[in-house]
Amino acid sequence: MHFSMRRHAVTAMVAACAAGITAPSLAHAQKIHQLPTTPATVAWGFYWAGAKPVLTVNSGDMIDVETIMTNSPAGLERMGAKPDDIPQWMRDLYAGVPQDQRGPGGHVLTGPIFVNGADSGDVLEVRMLSITLPIAYGYNGCSGYMREFCRAPGDTGDTGAGRGGRGGGGGASRIIPMNREKMTAEVAPGITVPLKPFWGSIGVAPPAEKGKVNSNPPHQHAGNMDNKELVAGTTLYVPVWTKGALLELGDGHAAQGDGEVDQTAIETNLKGRIQVIVRKDLKFDWPRIETPTHWITMGADTSLVVATKTAIGNMVKLLQEHKGITQTQAYQAASMAADLRITELVDGNLGVHMMIAKDYLKPGR
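My aim in this report is to walk through the structure given alongside it, one point at a time.

Definitions and cut-offs
Residues numbered from 1 in each chain as written. Predicted model: local features only at pLDDT ≥ 70, side-chain atom pairs only at ≥ 80, totals over all residues. Heavy atoms only, no water. Core = buried A, V, L, I, M, F, W, Y, C linked by side-chain atoms within 4.5 Å. Buried < 20%, exposed > 50% of the residue type's maximum accessible area, 1.4 Å probe, protein only. Contact = heavy atoms within 4.5 Å. Helix = DSSP H or I, 4+ residues; strand = E, 2+ residues; numbered from the N terminus. Expected span 1.5 Å × (residues − 1). Polar contact = N/O pair within 3.5 Å; in protein donor to acceptor, adjacent residues only side chain to side chain. Salt bridge = Lys/Arg side-chain N within 4 Å of Asp/Glu carboxyl O.

Right, let's get into the nonpolar core. Ranked by size, the top nonpolar core spans 40 residues in total, and within it L124, L236 and L247 carry the most contacts. Excluding anything up to four places from it in sequence, L236 contacts L124, E125, V126, M128, I202, A222, M225, L230, P287, R288 and I289. By size, the runner-up hydrophobic cluster in this structure holds 17 residues, among which are V42, I68, L76 and I175.

What follows is the structure, given as structure tokens:
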């Protein structure tokens, strides 16, 4: 598999440096690895400390990675995708992974990637250098938070989505054509959205005692966060819980609104380049995101109240770290300067994130 992404990667790296992202100096030359999606390179529906790595890299290395959408070729054809528009490697993947190796979740994740030097207590920095759309369509199902809106008179059955209930809604599930030149898609008559691709699921293995964890609910290992801010040029910082981190990526989205209320975005295949850096100088309990303009803290739980308090609590910590202020001052500042948003409502654990503009964190502000 060949990726022509060097120019995009350099552009994203320049943008990252301009945003103030810093990392320890790397003593070795950074290598670029290729990681296609095949039956031998996926973790089907789980994050797990006992998973066998499919690729081993060093801190600072880059990976050109391919991921598959959360639907089967048969499901896409039932929605109206033309057989010729479904890459053969997708058919090979579904034919090549036995049923007993799938689950408990439905996401087909590329990985795990073992990062030399990463261990429990560290933070893994994952830079999104470039993300591209290799096919000209995605799909949207209909289920989620208010699935009663998915049923019209005469709708029956399911259209075959790849992750339990994600398709839903009978005839409501459909193919979404994408204009990759204009980077737009018409998602409803008269409603055209910009395409901003990102991986809905990026995470590491949870602690070993948790066993094989379902890929659906996000938590402290990151995973299925569905945070639309994680586009090219941004960075995810995720706590490491096991040796090698065991990073996995998948659940490609071309466009999504905060909340992902019907349980799907424009779900599609993605290709991209990431860079992984082991951070032994950072200690986080929860994932954080850095964009060119903002810092973002995260929370996830079955309770929206708990998830919200976690995101706020992590923002208070971030403000204290950056500004050296008291807990009370940081909490008050968060109320006046930061924005609290619902990330997603549909993945078992509900997601909340809080955003603070970097301008507030500059010295003297």
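Don't stop here, the text continues.
Look at helix 4 (residues 304–323): 28 Å from first C-alpha to last across 20 residues, which is about the 28 Å you get at 1.5 Å a residue. Burial in helix 4 covers these residues: A307, T310, A311, N314, M315, V316, L318 and L319. The elements touched by buried residues of helix 4 are strand 18 (288–290), strand 19 (294–301), helix 5 (327–337), strand 20 (339–344) and strand 21 (350–357). Its side-chain oxygen placed 3.2 Å from the backbone nitrogen of V305, S303 serves as the N-cap of helix 4. Positive phi appears at G324, one or two residues downstream of helix 4, with a value of about 65 degrees.

Right, let's talk about the pattern of salt bridges for a bit. Scanning all chains against the criterion turns up eleven salt bridges. The partner of E125 in a salt bridge is R279, and the shortest N-O contact between them spans 2.6 Å. With E125 in strand 7 (residues 123–132) and R279 in strand 17 (residues 270–279), this residue pair connects regions lying 154 residues apart in the sequence. Like R279, E125 is buried. A salt bridge links R288 to E321; the nearest nitrogen and oxygen atoms lie 2.8 Å apart. Residue R288 is found in strand 18, and its partner E321 is found in helix 4; the two are separated by 33 residues along the sequence. Residue class for E321 comes out partly exposed when judged on its relative accessible area of 48%. The network of salt bridges with common partners includes E125, R127, R279 and D281.

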